[in-house]
Amino acid sequence: MVSSILSRPLRHAALTGVALAALGALTAFAPRPHGCNLAAADAAHAGPGCARAWMDRNLKLNDILAVGTHNSYKTAIPPAVFALIRQVESDGGKGLDYGHPPLDAQLDEGARQLEIDVYYDPKGGRFAHPVLPEKAGVALEPERRKAWSQPGYKVMHVPDEDVLSSCPTLIGCLQTIRRWSLAHPGHAPILLMFNAKDDQSEVPGGTGGLHYDEKAFDALDQEIRSVFPPQALITPDDVQGHYPTLRDAVLHNNWPTLGQARGKVLFALDEGPEKVATYRGHRRSLEGRVFFVNTDETSPAAAYLTLNYPIEDTARIRAAVAAGFIVRTRADEDTVQSRTNDTTRRTAALASGAQFVSTDYMHPDRRFSDYTVKLPHGATVICNPVRAAAKCAGLPIESQP
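We now turn to the structure provided with this report.

### A few points about helix H13 (residues 314-323)
Ile-317, Ala-320 and Val-321 are the residues of H13 that are buried. Summarising the axial view, the buried residues of H13 lie within an arc of 95°, below the 170-degree limit, and thus occupy one face. Looking at the buried side of H13, the elements it contacts are strand S7 (304-306) and strand S8 (326-330). Positive backbone phi, approximately 125°, marks Gly-324, located one or two places after H13.

In structure tokens form, the structure reads like this:
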């Protein structure tokens, strides 16, 4: 259905800044039951009905463990297009053979980390004629073509090949997430991880991505801020506070409390040193920016790390998390674990301490196996095994309805 592909405009213009701020204040915290002991040793001893209030006061944003999705926007490749991909990909396209439901459905199912790949398209129309879908005779919805023709960031996986997204434009993706957030006040914080892609097309006659300069990254920040007001965001400035650098703030555990972070999102730029340097510019840390950046633990801008290999990187993940950093890792990759039903990497990821564990299989792909990645007992968010293993006393931070 087109409604699941293209997001309707977000209509909250009638809410003034004051009203939005009041809404954020009301929904960030659950009412505290009378007589709660918020100084108790753990959530179980805070008193009847007091577990959430205790967690909101005593846990920080980096004390959680949640599961999310990889390439969250991606839908299944049409069979006719996949047949052409098999002819050009060395592995027959096996690593591309997966897809996800719309973003709001994933959030409903418990995802608290989403990944979005964006391509810069300031004039519009750059990616409006993908080669392989057109060669395969795949009819694309007029609404999708219209969205592709408009200026602004586009969302897709591989130019000219794997181009179909549940939300073709970044604005559409963000509006879907924002609407869901407003409809679920008090949800646990959501990490939105971005790849700023400039891949060149490997298809003859195709169209590659544009280079990212500071202007491109300024436009990316602006698109995000056009959908998410300040009170809905957790930014590097919010964490840095009065500390001289973001890293100093993180090492002093200046992340917001869980209660302060509820109902909000934070953004992480998952890129290498060159793009990170361009995004950071001449800033001491990330002053004024929307994104936390993937960088090493010694950088003044350090707060977030992408460490995708939980077996090989176990020691580094645990050390980084213990020091205060937020880490995202992956439980599976390129459909390999699903095809073999191998849970070794999943087990390592969930035990690693990484706050966000990404998967392509919140639900199993029965063509391959029963492989899936979820937290136990229907939990959406639990206490972090490295930072806060005993604090929740086995109680979930957030569960699915």
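Further notes follow.
### Here we look at the pattern of salt bridges
In this structure the tally under the stated criterion is 22 salt bridges. The residue Arg-387 makes a salt bridge to Asp-63 at a minimum N-O spacing of 2.8 Å. Of this pair, Arg-387 sits in the loop between strand S10 (379-383) and strand S11 (398-399) while Asp-63 sits in the loop between helix H2 (51-58) and strand S1 (64-69), and the two are 324 residues apart along the sequence. A residue is classified by how much of its surface remains accessible, and Asp-63, at 3% relative accessible area, is buried. Note that Arg-345 and Glu-333 form a salt bridge whose closest N and O atoms lie 3.1 Å from each other. Taken together, the residues span a long stretch of sequence, with Arg-345 in helix H15 (residues 344-351) and Glu-333 in the loop between S8 and helix H14 (336-340) at a distance of 12 residues. Under the relative-accessibility criterion, Arg-345 is labelled buried at 11%.

### Overview of the nonpolar core
In this structure, Phe-194 and Phe-267 are the most contacted members of the largest nonpolar core, which totals 98 residues. The contacts of Phe-267, once residues within four sequence positions are left out, are Leu-174, Leu-191, Leu-192, Phe-194, Ile-224, Phe-228, Leu-233, Val-290, Phe-291 and Phe-292. Ranked by size, the runner-up nonpolar core spans 17 residues in total, among them Phe-82, Val-138, Trp-148 and Leu-164.

### Observations regarding the packing of helix H8 (residues 214-227) against helix H12 (residues 273-280)
Taken N-terminus to C-terminus, the directions of H8 and H12 make an angle of 70°; their axes are 8 Å apart at the nearest point. As summarised for this structure, H8 and H12 are arranged roughly perpendicular, according to the angle between their axes. Packed against H8, whose contacting residues are Glu-214, Phe-217 and Asp-221, the element H12 presents Lys-275, Thr-278 and Tyr-279 at the interface. Here the contact of H8 with H12 is composed, by residue class, of 2 nonpolar, 1 polar and 3 charged.

### Brief notes about the pairing of strand S4 (residues 190-197)
With respect to burial, S4 is a largely interior element, 8 of its 8 residues being buried. The two faces of S4 match: Ile-190, Leu-192, Phe-194 and Ala-196 on one face and Leu-191, Met-193, Asn-195 and Lys-197 on the other face are all buried. For S4 and strand S5 (residues 265-269), the ladder comprises 5 bridges, and the chain directions are parallel. Residue pairing for S5: Ile-190 is matched across the bridge by Val-265.

### A word on the side chain of Arg-330
Inspection of the secondary structure assignment puts Arg-330 in strand S8. By relative accessible area, Arg-330 is classed as buried at 8%. Contacts of Arg-330, omitting those with residues within four sequence positions, involve His-70, Asn-308, Pro-310, Arg-345, Ala-349, Ser-358 and Asp-360.

Each value, and the rule that gives it
Residues numbered from 1 in each chain as written. Predicted model: local features only at pLDDT ≥ 70, side-chain atom pairs only at ≥ 80, totals over all residues. Heavy atoms only, no water. Buried < 20%, exposed > 50% of the residue type's maximum accessible area, 1.4 Å probe, protein only. Helix = DSSP H or I, 4+ residues; strand = E, 2+ residues; numbered from the N terminus. Arc of directions from axis to C-beta. Contact = heavy atoms within 4.5 Å. Salt bridge = Lys/Arg side-chain N within 4 Å of Asp/Glu carboxyl O. Core = buried A, V, L, I, M, F, W, Y, C linked by side-chain atoms within 4.5 Å. Axes fitted to C-alpha atoms, helices over the stretch in contact; angles between N-to-C directions. Parallel < 35°, antiparallel > 145°, perpendicular 65-115°, else oblique. Nonpolar A, V, L, I, M, F, W, Y, C, P; charged D, E, K, R; others polar. Pairing = 2+ DSSP bridges.

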